[in-house]
Amino acid sequence: MNPITFYTYPSCTSCRKTKKWLKDNGVEFNERHLFRETPSYSELLQLLSLTTEGLDEILATRSQSFKNLTQDVEDLPLSDVVKLIIEDPKLLKRPILTDGSNMIVGYNPEGLRSLSNKKEVLMMTS
């Protein structure tokens, strides 16, 4: 059973709300500072495999980092986009939570409940 990985940035309001929700609901998680412990190439590919909307689901298109890009990500191969994210993790929406099988982007209490309930069911059946 994989623990929940919580990619966060402390000054992000949605991240603080999510962390409070997790703590208030007794959900165990491994916190990773998005800019100090940037997801690796393989971790980003794993996150992308969990999306339903692909890059649109995890790219922070309203961020200054995204607006400063000189290339259109739509024209780039996926491998190049992943490398751009590793170079500038501010391109990612936040927070991102995953248990390896499911992913939640942003503060989403309903999604958090669903993710934490799946963890409880797994713990009870293990």
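Below you will find a few notes about this structure. (Residues numbered from 1 in each chain as written. Predicted model: local features only at pLDDT ≥ 70, side-chain atom pairs only at ≥ 80, totals over all residues. Heavy atoms only, no water.)

Quick look at unusual backbone geometry now. Note that the residue after Arg-94, namely Pro-95, is joined by a cis bond; omega there is -5 degrees. For Pro-95, the position within the fold is in the loop between helix H5 (78-87) and strand S3 (96-98). (Helix = DSSP H or I, 4+ residues; strand = E, 2+ residues; numbered from the N terminus.)

Following the sequence through the fold, Leu-115 ends up in helix H6 (residues 109-125). Leu-115 sits 18 residues away from Leu-97 along the chain, and the two C-alpha atoms are 9.0 Å apart.

In this model helix H1 (residues 13-24) runs 16 Å from its N-terminal to its C-terminal C-alpha over twelve residues, within 8% of the 16 Å that 1.5 Å per residue would give. The complete set of buried residues in H1 reads Cys-15, Thr-18, Trp-21 and Leu-22. Projected onto a plane normal to the axis of H1, the buried residues spread over an arc of 125 degrees and lie on a single side. Across H1 from its buried face, at more than 90 degrees, point the exposed residues Lys-20, Lys-23 and Asp-24. Of the residues one or two after H1, Gly-26 is the one with positive phi, at around 65 degrees. (Expected span 1.5 Å × (residues − 1). Buried < 20%, exposed > 50% of the residue type's maximum accessible area, 1.4 Å probe, protein only. Arc of directions from axis to C-beta.)

Below, the discussion takes up the pattern of salt bridges. Opposite charge on two side chains allows them to pair when their charged atoms are near. For the coordinates displayed, the defined rule picks out four salt bridges. Ionic pairing is found between Lys-19 and Glu-31, a salt bridge with its closest N-O pair at 3.0 Å. Note that Lys-19 is positioned in helix H1 and Glu-31 in strand S2 (residues 29-33), a separation of twelve residues in sequence. Residue class for Lys-19 comes out partly exposed when judged on its relative accessible area of 26%. Classification of Glu-31 as partly exposed rests on a relative accessible area of 35%. A salt bridge links Glu-37 to Arg-32, with the shortest nitrogen-to-oxygen separation between them at 3.9 Å. (Salt bridge = Lys/Arg side-chain N within 4 Å of Asp/Glu carboxyl O.)

Our focus in this paragraph is the pairing of S2. Sheet analysis places strand S1 (residues 4-8) next to S2, joined by five bridges and oriented parallel. Counted as the bridge partner of Thr-8 is His-33 from S2. Note on the crossover from S1 through H1 to S2: the handedness is right-handed. (Pairing = 2+ DSSP bridges. Right-handed = clockwise from strand over helix to strand, strands pointing away.)

The next point concerns the nonpolar core. The biggest cluster of nonpolar side chains holds 18 residues, and the ones touching the most others in it are Leu-44, Leu-47, Ile-85, Leu-92, Ile-96 and Met-103. Considering each element in turn, this core owes the most residues, four residues, to H5. Once residues lying within four places of it in the same chain are set aside, the contact partners of Leu-44 are Pro-39, Val-82, Ile-85, Ile-86 and Leu-92. The next biggest cluster of nonpolar side chains, apart from the first, holds ten residues, and it includes Phe-6, Val-27, Phe-29 and Ile-104. (Core = buried A, V, L, I, M, F, W, Y, C linked by side-chain atoms within 4.5 Å. Contact = heavy atoms within 4.5 Å.)

Taken in spatial order, the four strands of this open sheet run S2-S1-S3-S4, and their pairing is mixed. Only two strands of the sheet have a single partner each, and these edge strands are S2 and strand S4 (103-105). The mean inter-strand angle of the sheet, taken between neighbouring strand axes irrespective of direction, is 15 degrees. (Axes fitted to C-alpha atoms, helices over the stretch in contact; angles between N-to-C directions.)

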